Amino acid sequence: MTTARPALDPELRELLADMPLMSQLGPEVLAQLRRLPSTSIESLLAHRHVDRLEITVPAEDGAPIPLSVFSPANTDRTTAAPCVYWIHGGGMVMGDRFSQIDIPLEWLDEFGAVVVSVDYRLAPEATGTTLVEDCYQGLLWVADHAAELGIDPARIVVAGASAGGGLAAGVTLLARDLRNPAIAAQMLICPMLDHRNTSTSSRQFSGVPGVWTGEMNAFAWNSVLGDLTDAEVSEYISPALAEDLSGLPTTYIDTGSAEVFRDEDTDYATRIWAVGGQVELHVWAGGFHGFDALYPQAHISVTARRTRTDWLARLLEPHRTAPLTPADGDRP
């Protein structure tokens, strides 16, 4: 029986018509995707005045974790800047620290933020909590070296898209439970939060080609978790399992109405509200998974990206908030 699905945004549907789509992901296809050229960081930096630092920090097992640090050039180094700690997407099985890096680089432009992007190890070569622990170790290094990087340790935002959004949620849970480091906010962009892959939206977007389908999601999670039973899966790698979502920093979550992760993302926001936490949630009508990264010039994408930036502005630079007009004065 055909499952009814929310319609795609008309502009996105037209753009997506020219993109080859698939429903399945397996080892051979993954190998092919990994051979595709990665994001050209040089072209993204060409028109920006940016200082770039490449470093390597040790994982808990001693493996090297590359970090790229992008800082505004020719700025007053005596003034500490906000930091965006970026975790890339790719289903935890592909991508690198330059994937979707155009998103946080917009915040470097807008706020003078220092952007740090982490190259965590990928599944299936790395499994279990190794991926989230790599991200956490990179964040610890950033917090410990905030002064030399020109970062304000009170304004560190952990952000990521898709798998990176899920890992960002896991890192934030780890930081809460270990009480280190302090995180000002988490930004979870269409995050991959739940290994169980059983929601209504995961079923709606299975059995049909897409940018990311239920079948592709199952392959990715199987690559990460291997033979682990549900009882053995850590909430730090599958954050939807966390029973306690209290004590988290202010959170931004967005997703599309026409994507696999819609329901697990909205549920995560609802559960944070239920324990008194603060979340701003946006479900973009007609948005498929990663629409704003694939087609940033589409009207809905421009709106989604601008909305995130406006939220960060209220968080990082509250003095920029416009004063109330007389007409606004009586509003709650």
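Colleague: Pulling in residues and values, what's your account of the packing of helix H5 (residues 130-144) against helix H7 (residues 163-178)?
Modeller: It is at 9 Å that the axes of H5 and H7 come closest, and there the two elements cross at 65°. The handedness of the crossing between H5 and H7 is right-handed. Here Leu 131, Val 132, Cys 135, Tyr 136 and Leu 139 of H5 lie close against H7, whose contacting residues are Leu 167, Gly 170, Val 171, Leu 174, Ala 175 and Leu 178. Classifying every residue of the contact of H5 with H7 by side-chain character gives ten nonpolar, one polar and no charged.

Colleague: Account for the packing of helix H4 (residues 102-111) against helix H12 (residues 299-316), with residues named and values stated.
Modeller: Viewed as axis vectors pointing N to C, H4 and H12 meet at an angle of 45°, and their least axial separation amounts to 11 Å. By the angle between their directions, the pair H4 and H12 is classed as oblique. Crossing handedness for the pair H4 and H12: right-handed. Facing H4, whose interface residues are Asp 102, Ile 103, Glu 106, Trp 107, Glu 110 and Phe 111, H12 presents Arg 305, Arg 306, Arg 308, Thr 309, Leu 312, Ala 313 and Leu 316.

Colleague: Now, about the nonpolar core: what can you tell me, with residues and values included?
Modeller: Residues Tyr 85, Ile 87, Ile 237 and Tyr 268 are the most contacted members of the largest nonpolar core, which totals 71 residues. Ignoring anything within four residues of it in the chain, the contact list for Tyr 268 reads Ala 169, Leu 173, Leu 188, Leu 193, Pro 239, Ala 240, Leu 245, Leu 248 and Ile 253. Ranked by size, the runner-up nonpolar core spans 28 residues in total, among them Val 84, Trp 107, Cys 190 and Trp 311.

Colleague: Lay out the layout of surface pockets in plain terms, naming residues and giving numbers.
Modeller: In this structure, the largest pocket spans a volume of roughly 1100 Å³. Lining of the largest pocket is provided by 35 residues; of these, Gly 90, Met 94, Ser 99, Gln 100 and Leu 294 occupy positions nearest its centre. Elements that contribute at least two residues to the lining of the largest pocket include exactly helix H2 (27-35), H4 and helix H11 (291-294). For the lining of the largest pocket, the leading source of residues is H11, giving three residues. Class assignment for the residues of the lining of the largest pocket results in 19 nonpolar, twelve polar and four charged. By residue class, the composition of the lining of the second largest pocket is twelve nonpolar, three polar and two charged.

Colleague: Pulling in residues and values, what's your account of the pattern of salt bridges?
Modeller: If you walk through the whole model with that rule in mind, you get 20 salt bridges. A salt bridge links Asp 177 to Arg 176, with the shortest nitrogen-to-oxygen separation between them at 2.8 Å. Measuring nitrogen to oxygen at the nearest pair gives 3.9 Å for the salt bridge that ties Arg 305 to Asp 292. Taken together, the residues Arg 305 in helix H12 and Asp 292 in helix H11 connect sequence positions 13 residues apart. Among the charged side chains, a salt-bridge network with shared partners connects Asp 102, Glu 106, Asp 254, Asp 292, Arg 305 and Arg 308.

Colleague: I'd like a rundown of H5, residues and numbers included.
Modeller: A rise of 1.5 Å per residue sets the reference length of H5, with its 15 residues, at 21 Å; its end C-alpha atoms lie 21 Å apart and thus fit the reference within 8%. Within H5, burial applies to Leu 131, Val 132, Asp 134, Cys 135, Tyr 136, Gln 137, Gly 138, Leu 139, Leu 140, Trp 141 and Val 142.

Colleague: Account for the side chain of Asp 194, naming residues and giving values.
Modeller: With respect to the helices and strands, the residue Asp 194 is situated in the loop between strand S6 (185-189) and helix H8 (200-204). Here Asp 194 falls in the buried class, since its relative accessible area comes to 11%. Among the polar contacts made by the side chain of Asp 194, one reaches the side chain of Arg 196 at a distance of 2.8 Å. The residues touching Asp 194, leaving out its near neighbours within four places in the chain, are Trp 221, Ser 238, Ala 240 and Glu 264.

Calculation notes
- Sequence order sets the numbering: in each chain, residues are counted from 1 along the sequence as written.
- Residue-level local features of this predicted model are given only where pLDDT is at least 70; pairs of side-chain atoms are given and counted only at 80 or more, and the full residue set underlies all totals for whole chains, interfaces and linings.
- Water and hydrogen atoms play no part in the side-chain values, which are based on all heavy atoms of the structure.
- Only the contacting stretch of a helix is used when fitting its axis, a line to C-alpha atoms as for every element, and angles between N-to-C directions run 0 to 180 degrees.
- Helix numbering and strand numbering both begin at the N terminus, where a helix is a DSSP run of H or I of at least 4 residues and a strand a DSSP run of E of at least 2.
- Definitions for this section: a left-handed crossing has its near helix turned counterclockwise from the far helix by less than a right angle. A right-handed crossing has that turn clockwise.
- Here, residues are in contact when the closest pair of their heavy atoms is within 4.5 Å.
- Just so you know the grouping, Ala, Val, Leu, Ile, Met, Phe, Trp, Tyr, Cys and Pro go in nonpolar, Asp, Glu, Lys and Arg go in charged, and all remaining residues, Gly too, go in polar.
- An angle below 35 degrees is read as roughly parallel, one above 145 as roughly antiparallel, one from 65 to 115 as roughly perpendicular, and any other as oblique.
- Here, nonpolar core means buried Ala, Val, Leu, Ile, Met, Phe, Trp, Tyr and Cys residues that are tied together by side-chain atoms lying within 4.5 Å of each other.
- Note on classification: 1.4 Å probe, protein chains only; a residue is buried when its accessible area is under 20% of the maximum for its type, exposed when over 50%, partly exposed between these limits.
- A pocket, in this scheme, is an open set of points on a 1 Å grid over the protein atoms alone with protein on both sides within 12 Å along at least 5 of 7 lines, while a cavity is a set where a 1.4 Å probe fits but cannot get out; residues line either one if an atom lies within 4 Å of a point.
- Grid points are joined across faces, edges and corners, and a volume is the space filled by probe spheres set on the points.
- Should a side-chain nitrogen of Lys or Arg be within 4 Å of a carboxyl oxygen of Asp or Glu, the pair is scored as a salt bridge.
- In this analysis, the expected span of each helix is defined as 1.5 Å times one less than the number of residues it contains.
- Residues adjacent in sequence count toward polar contacts only when both atoms are side-chain atoms; beyond that, a polar contact is any pair of N or O atoms within 3.5 Å, and within protein one must be able to donate a hydrogen and the other to accept it.

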